[in-house]
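Topology and contacts: notes
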Amino acid sequence: APTHFNMGNVLALQKKYDEAKPHFLEALRLKPDYEDAQIHLGNLLVIQGKALEATPYFLAALKTKPDSAEAYYCLGNALALQLKPDEAKANFLAALRCKPGYAEAHAQLGNLLLLQGKAAEAMPHLRAAADLQPDNEENQYSFGGALARQKQFVEAAARFRAALKANPNYATALNDLAW
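Residues numbered from 1 in each chain as written. Predicted model: local features only at pLDDT ≥ 70, side-chain atom pairs only at ≥ 80, totals over all residues. Heavy atoms only, no water.

**Re the packing of aromatic side chains**
Scanning the entire structure with this criterion turns up six aromatic pairs. Ring centres 5.1 Å apart and planes at 40° place the aromatic pair Tyr-73 and Tyr-102 in the tilted group. Highlighted residues: Tyr-73 in helix 5 (residues 69-81) and Tyr-102 in the loop between helix 6 (85-98) and helix 7 (103-115), separated in sequence by 29 residues. Given a relative accessible area of 8%, Tyr-102 falls into the buried group. Above the plane of the ring of Tyr-34 lies Lys-31, whose end atom (NZ or CZ) is 4.9 Å from the centre. (Phe/Tyr/Trp six-rings, centres within 6.5 Å; stacked < 30°, edge-to-face > 60°. Helix = DSSP H or I, 4+ residues; strand = E, 2+ residues; numbered from the N terminus. Buried < 20%, exposed > 50% of the residue type's maximum accessible area, 1.4 Å probe, protein only. Lys NZ or Arg CZ within 6 Å of the ring centre and 35° of its normal.)

Below, the structure written as structure tokens:
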């Protein structure tokens, strides 16, 4: 099973998704409770635009390992893509209960809440994501944008500058900083 899992990962990294999928499936045939293979296959399907098809693999990973922050996070992403924001939110929160410092889960939850018009609820998650990953330009930019919408322009500008420090070619952050 590990050999097929590793081969699937190598092919997926090369963006050869159709070739990677049978390797993940074979790894799961050989070891049905292979949590990493369940998650990686699910993520591969999400990348291919098949979030609905991916969902059972994330659920299987949670059955295998009920405290898997990664599985909750990935399931949250798949559900968000299926336009199920309340279910996605519940899974991002579950990921954070398993792993409180999970920057990606904070970021996704914060952005989801912003899309729902819940800026006050989103802000602590966006701040956590930006503070946990100071070199992540997307997290810095998202938090800066949320701050700007709340007219907190000085702190927003600092976050846009942090995004540019992480990626000097980040044109959107540069544009927003110029305003």
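**With respect to the side chain of Asn-139**
With respect to the helices and strands, Asn-139 occurs in helix 9 (residues 137-149). Filtering out sequence-adjacent residues up to four positions away, Asn-139 remains in contact with Ala-107, Ala-129, Ala-130 and Gln-133. (Contact = heavy atoms within 4.5 Å.)

**What to know about the state of the cysteines**
Two cysteines, two sulfur atoms, one covalent bond between them: this is a disulfide. For the coordinates displayed, the defined rule picks out zero disulfides. Unpaired in this structure, Cys-74 has its nearest cysteine sulfur neighbour in Cys-98, at a distance of 13 Å. (Disulfide = S-S within 2.5 Å.)

**Looking at unusual backbone geometry**
If you check the backbone angles, Lys-15 has positive phi at about 65° while not being a glycine. Structurally, Lys-15 is set in the loop between helix 1 (2-13) and helix 2 (17-30). In the Ramachandran plot, Leu-83 falls in the positive-phi region, its phi being about 60° despite a non-glycine side chain. Tracing the chain through its elements places Leu-83 in the loop between helix 5 and helix 6.

**Section: the environment of Ala-129**
Looking at the secondary structure, you find Ala-129 in helix 8 (residues 119-132). Spatially, the C-alpha atoms of Ala-129 and Asn-139 are 6.0 Å apart, while their sequence positions differ by ten residues. Among all residues touching Ala-129, those that are not within four sequence positions of it are Ala-103, His-106, Ala-107 and Asn-139.

**Describing helix 3 (residues 35-47)**
Its 13 residues place the ends of helix 3 18 Å apart at the C-alpha level, agreeing with the 18 Å of an ideal helix rising 1.5 Å per residue. Residues of helix 3 that are buried include every one of Glu-35, Ala-37, Gln-38, Ile-39, Leu-41, Gly-42, Leu-44, Leu-45 and Val-46, and no others. On the buried face of helix 3, the contacting elements are helix 1, helix 2, helix 4 (51-64) and helix 5. Phi for Gly-49, located one or two positions after helix 3, is positive at around 80°. (Expected span 1.5 Å × (residues − 1).)

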